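Each chain, letter by letter, is given below.
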Amino acid sequence: MTDQLVMGPDTGPSTPAAPDREAAARRTARGRRWRRTAVLALGWVAIYAVWEATSWWFGSRLLPRPHEVLQSAIEIIETGNFVGDFSASVLKTFAGFGVAALVGAPIGYAMGRSRYWRAFFHDGVTIAGTIPAIVYAVMSLIVFGLSNLGPILAVALVSAPYVALNVAEGIRGVDNQLITMSEAFGRTPRQIRREVLVPTIVPFVFAAIRMCFAVAWKVEALTEVFGGRSGVGFQIRTEYQLYDISAVLAWMVLFIAFMLVIERLVLAKAESRLLAWRPEERGAAL
Amino acid sequence: MAVLTVTNLSKTFNLGTARESRILDDISFEVSGQTFVSIVGPSGCGKSTLLNIISGVEEHTSGDITLTSDAGGPARMGYVFQDPRLLPWRSVMKNMMYVQDDQSRDTVARAERYLDMVGLKKNADFYPGQLSGGMQQRVGIARAFAVEPDLLLMDEPFSHLDAITARGLREQLQDIWAQSKKTVVFVTHDVVEAVELSDRIIVLQPGGLIYEDITIDLPRPRRQSDKAVATLQADVLARLETLKAMAAAEPVAEPVA
Amino acid sequence: MTTVSDQPTSASSTVGRRRSTTEIEQDTPQWRKVLTSDPAARVTSLLAFVLFWVVVSALFDRVPGPVAVWTSLVDEFSRGEVFGNFGSTLYRFGVGVALATVVGVAVGVLMGLSQLSRAFLESPVLVALSIPAIIWAFLTVMWFGFGDTGPIITTFLTSVPFVIVNVAQGVRGVSRDLRDMSATYDVPMGRRVRDLVLPAVTGYIAAGVRFAIIIGWNGVLLAEWFGGGGGVGYRARFWYDANRYAGFAAWVVLFVGFIVLLDRFVLDKAIQRSFRWRDAR
Ligand SMILES: Nc1ncnc2c1ncn2[C@@H]1O[C@H](COP(=O)(O)OP(=O)(O)OP(=O)(O)O)[C@@H](O)[C@H]1O
Ligand SMILES: [Mg+2]
């Protein structure tokens, strides 16, 4: 979202004949960028203000004030035991993701390639995609009890339908003309898969992964809240049962920040590397 | 060289609810040896469809197609489509290599040579999205040449190019053809082009029948500016005039009996 | 598609002959055509699912089988617990999503139209998107106790950011070219909104609302699970805490059935209608 907005006030190439106008244009561009940054900061100020106001309204026992939460967060970081819980949660999220990709991608591929499998899977996959996450969380606990497998299963169940639907959509969007071209030049099915089908679906898979990731770590934490033995969700439940709300919020804030960083660093990087061939920038992806 | 035999070929497209349209109707012809065949006919009469069927990317409804290599071994095919059809996620050079069976250094050198022939050596590392439409089309032409096929199918390959570039490529095509003994099936709108290049012109008429099969017997190399080409072209055009009237009258889609 | 006979892989023969569609059609036996038809595929998939369920319930003795779930469902109906709880969940959910739609469309249009408001609202929306529903459920239960308010607010807060994002994207997606075209032809403002902006955005509103609904169900169920004020979530938790998983599963079946019907017969139709222009390309 951000980069798109920054691109707006870009001044194009200018003629040397008009240095004044060029300088003026650059000045207004800089002014506009400044104003944008200021308004962006104002957005954060607004978040802070709303938080303060709400906790004043309900009292700081029901909604701790920002600096109290900050204090709890610092405590959590200082004791250092957050590392174990974070890595447990992240590992479970990625494990669930892996399972979802292993199951969902082939299903999506079959749905995109063959009419029979599309009819076979379509209803089930769309229904699975509309079931609320809490149902998956509790179902996973029923199947596996209190163990690390529960959150993994929950993440997999939530993500697999998205992966399947996106891959199917991508496969169906494959340019048929490229396939006929490959056939005319006698390419083997394996070559066609590798050179035509896979590159076409990569953007769709990334869209699915980014969309899923935002949902997946929440489901992972949710499952841990219901019955986990480690991880961020487990800590959140423990603190909630002790009525230490500021610790609950501190864990949440830390986890959100951590996951946003992972998303930006890992996923966005990989995506821009793999999609270098695209001539134009992708639209705002959220 | 290859021998292509088309016998009683028909093609019907299903248009959904109880309608179908017959594009090719019982067509037979044979092309063999080092022959350059042009297929001309009004727009929409089924020229691209015929090439697609010959190349195997489209199924035919009935009839028979056989393709034989007379040198022994499988007949290799090259196809210049009406549009470029390049993989957008691969560079120009990778697109050239994609259709090659072996990836040896010789093959790379050959691909580079043909890329140079169409004037795009500098652009080998470009993605197709960074080329103009005509440049992409030229990559498509180089790609088909680079497989050095026994049977070369070309669907209006020069129609998106400027006159000078097109003339250069036509001359190159004649040279390559003269040296390498290919069988070429060439679709075009342009009668002058057809007369300049071909040994034989097959004229399709709307409704998918062969209207006429003209043999061109002029000495090579030919140029469009040659007097003989100009006279013959006028002659062929005059014969095609009658087709125009038919194009207007012919119904395309008919209800299924 | 028939294979191309001159592929390098089939080098054994130098003569290639391709089969025509008429020949292929004649060679396919009737029973195969029936078994591979779409309705047959759907029936097979349903059977496969039931089989899968039975197998899983046999493997894990904590997982109830179809028969046990059916009995619990009938029991729950005969106890008269179904309609009251379903009704209160629907009420909370409906109010929450309606609020989210109204607020979300307003804020989304604002964000789509003005650069400055987008810069201002960007961070709050991003933060709201990333707060898990469970936190809202915890907080609203503490704030509002065991009534309708907690679930309503949770539903609203979890789903409103998704509506905003979708609508904002839709408004911004109103193509620049078309706006320029309207400007050059001097199309009056009223017609511009009616024929250009609204048709382009309704699809995104519908898609956003549908996403909000999926997210909102999660919110309302969570809030009811942790609150004590009745509803589907409360009742499902009752059976879960009692270790009677068939009762829990019965509620899941009931609820998912309802969502599917709603999605299939109301939302899908609405979305198809509003995206008609796009699919007609
Ligand atoms: N997939 C299809 N379904 C139905 N009809 C088709 C299909 N493909 C082509 N046609 C029809 O077949 C006819 C011939 O098409 P074709 O592309 O072979 O024409 P053409 O002779 O190459 O024309 P042009 O010179 O304009 O390229 C057209 O009337 C077209 O409408
Ligand atoms: Mg054509």
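Values in this document were obtained by computation on a predicted structure and should not be read as measured data.

**Student:** Please give an account of the overall build of chain C that cites residues and values.
**Tutor:** Within chain C, the regular secondary structure consists of 13 helices and one strand. Each helix (α) and strand (β) of chain C, taken in turn from the N terminus, gives the series β-α-α-α-α-α-α-α-α-α-α-α-α-α. Counting across all 281 residues of chain C, residues that qualify as buried make up 45%. Counting only contacts in chain C whose residues sit at least 6 apart along the sequence, the fraction spanning at least 24 positions is 69%. Approximately 14500 Å² of chain C is accessible, and the part contributed by carbon and sulfur atoms is 66%.

**Student:** How would you explain the side chain of B:Thr183 if you had to name every residue and give the values?
**Tutor:** Residues and elements named next belong to chain B. Along the chain, threonine 183 turns up in strand E7 (residues 183-187). On the basis of relative accessibility, which here comes to 0%, the residue threonine 183 falls in the buried class. A distance of 2.7 Å separates a polar side-chain atom of threonine 183 from the backbone oxygen of glycine 33.

**Student:** So what about the coordination of the magnesium ion (ligand 2)? Which residues, and what values?
**Tutor:** Residues and elements named next belong to chain B. Looking at the magnesium ion (ligand 2), the protein donor atoms are Ser48 (OG) and Gln82 (OE1), and they sit 1.9 to 2.3 Å from it. Of this pair, serine 48 sits in helix H1 (residues 47-55) while glutamine 82 sits in the loop between strand E5 (77-80) and helix H2 (92-98); the two residues are 34 residues apart in sequence, bridging distant segments of the chain. By relative accessible area, which is 23% here, serine 48 ends up partly exposed. Judged by its relative accessible area of 34%, glutamine 82 is partly exposed.

**Student:** Tell me about the site of ligand 1, residues and numbers included.
**Tutor:** Residue and element names in this part refer to chain B. Taken together, 13 residues surround ligand 1, and among them Ser43, Gly44, Lys47, Ser48 and Thr49 come closest. Within the side chain of glutamate 156, a nitrogen or oxygen atom sits 3.3 Å from an oxygen atom of ligand 1. One nitrogen or oxygen atom from the side chain of histidine 189 is found 3.1 Å from an oxygen atom belonging to ligand 1. Here ligand 1 has 640 Å² of accessible area as a free molecule, and 64% of this is covered by the chains. The element contributing the most residues to the shell around ligand 1 is H1, with three residues.

**Student:** So what about the packing of helix H7 (residues 149-172) of chain A against helix H9 (residues 189-227) of chain A? Which residues, and what values?
**Tutor:** Residues and elements named next belong to chain A. H9 packs onto H7 with a crossing angle of 160° between their chain directions and a minimal axis gap of 8 Å. When the axis of H7 is compared with that of H9, the two are roughly antiparallel. Pair H7 / H9 crosses with right-handed handedness. Of the residues belonging to the contact of H7 with H9, the class tally is 18 nonpolar, six polar and three charged.

**Student:** Describe in detail unusual backbone geometry, supporting the description with residues and values.
**Tutor:** Despite not being glycine, B:Arg85 has its phi angle at roughly 55°, a positive value. Residue placement: B:Arg85 occurs in the loop between E5 and H2. Given a relative accessible area of 14%, B:Arg85 falls into the buried group. The backbone phi angle of C:Asn243 is positive, close to 60°, even though this residue is not glycine. Take C:Asn243: it is sitting in the loop between helix H11 (232-241) and helix H12 (245-274).

**Student:** Could you give an account of the UniProt feature "transmembrane region" (unreviewed entry) in chain A, naming the residues involved and the relevant values?
**Tutor:** Residues and elements named next belong to chain A. According to UniProt, the positions carrying the feature "transmembrane region" (unreviewed entry) are residues 37-58, 94-112, 124-146, 152-171, 196-217 and 248-267. This span, residues 94-112, is 100% helix and 0% strand, and a straight line between its end C-alpha atoms measures 25 Å. Within residues 248-267, the helical portion is 100% and the strand portion 0%, while the C-alpha atoms at the span's ends are 27 Å from each other.

**Student:** I'd like a rundown of the pattern of salt bridges, residues and numbers included.
**Tutor:** Summed over the entire model, instances satisfying the criterion amount to 21 salt bridges over all chains. Between C:Arg79 and C:Glu76 there is a salt bridge, with the nearest N and O atoms lying 2.8 Å from each other. The exposure class assigned to C:Glu76 is buried, which follows from its relative accessible area of 3%. A single network of salt bridges, built from pairs that share partners, joins A:Arg194, A:Glu195 and B:Arg90.

**Student:** Account for the side chain of A:Lys218, with residues named and values stated.
**Tutor:** Residue placement: A:Lys218 occurs in helix H9. On the basis of relative accessibility, which here comes to 16%, the residue A:Lys218 falls in the buried class. Sequence-distant contacts of A:Lys218, that is, excluding residues within four places in its chain, are made with C:Leu129, C:Ser130, C:Ile131 and C:Pro132.

**Student:** Talk me through the pairing of strand E8 (residues 200-205) of chain B; I want residue IDs and the actual numbers.
**Tutor:** All names here are of chain B. Burial analysis of E8 places six of its six residues in the buried class, the great majority of the element. Alternating positions in E8 separate into two faces, Arg200, Ile202 and Leu204 on one and Ile201, Val203 and Gln205 on the other, with burial throughout. Sheet analysis places strand E3 (residues 36-40) next to E8, joined by four bridges and oriented parallel. Within E8, the position partnered with isoleucine 39 by the bridge is isoleucine 202. Here six bridges tie E8 to strand E9 (residues 209-215), and the two strands are oriented antiparallel to one another.

**Student:** Could you give an account of the confidence of the model for chain A, with specific residues and numbers?
**Tutor:** All names here are of chain A. Model confidence for chain A is summarised by a mean pLDDT of 81, while 89% of its residues fall at 70 or above. Taken as a whole, residues 1-17 scores under 50 in pLDDT and shows 21 contacts with residues more than four places along the chain or in a different chain. For residues 280-286, every residue scores under 50 in pLDDT, and the model assigns this stretch ten contacts once sequence neighbours within four places are set aside.

**Student:** Which residues make up the packing of helix H3 (residues 105-117) of chain B against helix H4 (residues 133-146) of chain B, and what values go with them?
**Tutor:** The description of two helices packed together rests on the angle between their axes and the distance between the axes. Residue and element names in this part refer to chain B. The geometry of H3 relative to H4 is characterised by a closest axis approach of 9 Å and an angle of 140° between their N-to-C directions. Classed by the angle they form, the pair H3 and H4 counts as oblique. At the point where H3 passes H4, the crossing takes the right-handed sense. Contacts between H3 and H4 pair Arg110, Ala111, Tyr114, Leu115 and Met117 from the former with Ala142, Phe145 and Ala146 from the latter.

**Student:** Give me the lowdown on the sheet that holds E9(B), citing residues and values where you can.
**Tutor:** Residue and element names in this part refer to chain B. In space, the six strands of this open sheet follow the order E5-E6-E7-E3-E8-E9, with mixed pairing throughout. Looking along the sheet, the strands with just one partner apiece sit at the ends: E5 and E9. Here the average twist between neighbouring strands, direction ignored, is 15°. Against the sheet, H4 makes contact with E5 and strand E6 (151-155), and its axis sits at roughly 170° relative to E5, the strand it touches most.

**Student:** How would you sum up the UniProt feature "transmembrane region" (unreviewed entry) in chain C? Please name residues and give values.
**Tutor:** Under the UniProt annotation, "transmembrane region" (unreviewed entry) lies at residues 40-60, 90-113, 125-146, 152-175, 196-217 and 245-267 of chain C. Along residues 245-267 of chain C the backbone is 100% helical and 0% strand, and the end-to-end C-alpha distance reaches 31 Å.

**Student:** Mind laying out helix H10 (residues 232-241) of chain A, listing which residues take part and the relevant values?
**Tutor:** Residues and elements named next belong to chain A. Most of H10 sits out of view: seven of its ten residues are buried. Those residues of H10 that sit buried are Val232, Gly233, Gln235, Ile236, Arg237, Glu239 and Tyr240. The positive-phi residue at the C-terminal boundary of H10 is tyrosine 243, with phi of around 55°.

**Student:** Which residues make up the interface of chain B and chain A, and what are the values?
**Tutor:** Across the boundary between the two partners, chain B contributes 21 residues, which contact 18 residues of chain A. Both sides of the chain B and chain A interface together cover about 1900 Å² of buried area, and 64% of this is carbon and sulfur. Its largest share of buried area at the contact with chain A, chain B owes to B:Arg85, B:Trp89 and B:Tyr98, together 40% of the area lost on that side. Across the contact surface, chain B and chain A share two salt bridges. Where A:Glu195 meets B:Arg90, a salt bridge forms, and the shortest distance between an N and an O atom there is 2.7 Å. Elements represented by at least two residues in the side of chain B that touches chain A include exactly E5 and H4 of chain B. Ranked by residue count, the leading element in the side of chain B that touches chain A is E5(B), at three residues. When grouped by side-chain class, the residues that make up the side of chain B that touches chain A number 13 nonpolar, three polar and five charged.

Reading the values: the criteria
Residues numbered from 1 in each chain as written. Chains lettered and ligands numbered in written order. Predicted model: local features only at pLDDT ≥ 70, side-chain atom pairs only at ≥ 80, totals over all residues. Heavy atoms only, no water. Helix = DSSP H or I, 4+ residues; strand = E, 2+ residues; numbered from the N terminus. Buried < 20%, exposed > 50% of the residue type's maximum accessible area, 1.4 Å probe, protein only. Contact = heavy atoms within 4.5 Å. Areas by Shrake-Rupley, 256 points an atom, 1.4 Å probe, with all protein chains shown as cover. Polar contact = N/O pair within 3.5 Å; in protein donor to acceptor, adjacent residues only side chain to side chain. Donors = N, O, S within 2.8 Å, 3.2 Å for Na, K, Ca; no water. Near = heavy atom within 4 Å. Axes fitted to C-alpha atoms, helices over the stretch in contact; angles between N-to-C directions. Parallel < 35°, antiparallel > 145°, perpendicular 65-115°, else oblique. Left-handed = near helix turned anticlockwise from the far one by under 90°. Nonpolar A, V, L, I, M, F, W, Y, C, P; charged D, E, K, R; others polar. UniProt positions renumbered as here; feature names shortened; annotations may be inferred. Salt bridge = Lys/Arg side-chain N within 4 Å of Asp/Glu carboxyl O. Pairing = 2+ DSSP bridges. pLDDT = per-residue confidence, 0-100. Buried area = accessible area lost by both parts, 1.4 Å probe.

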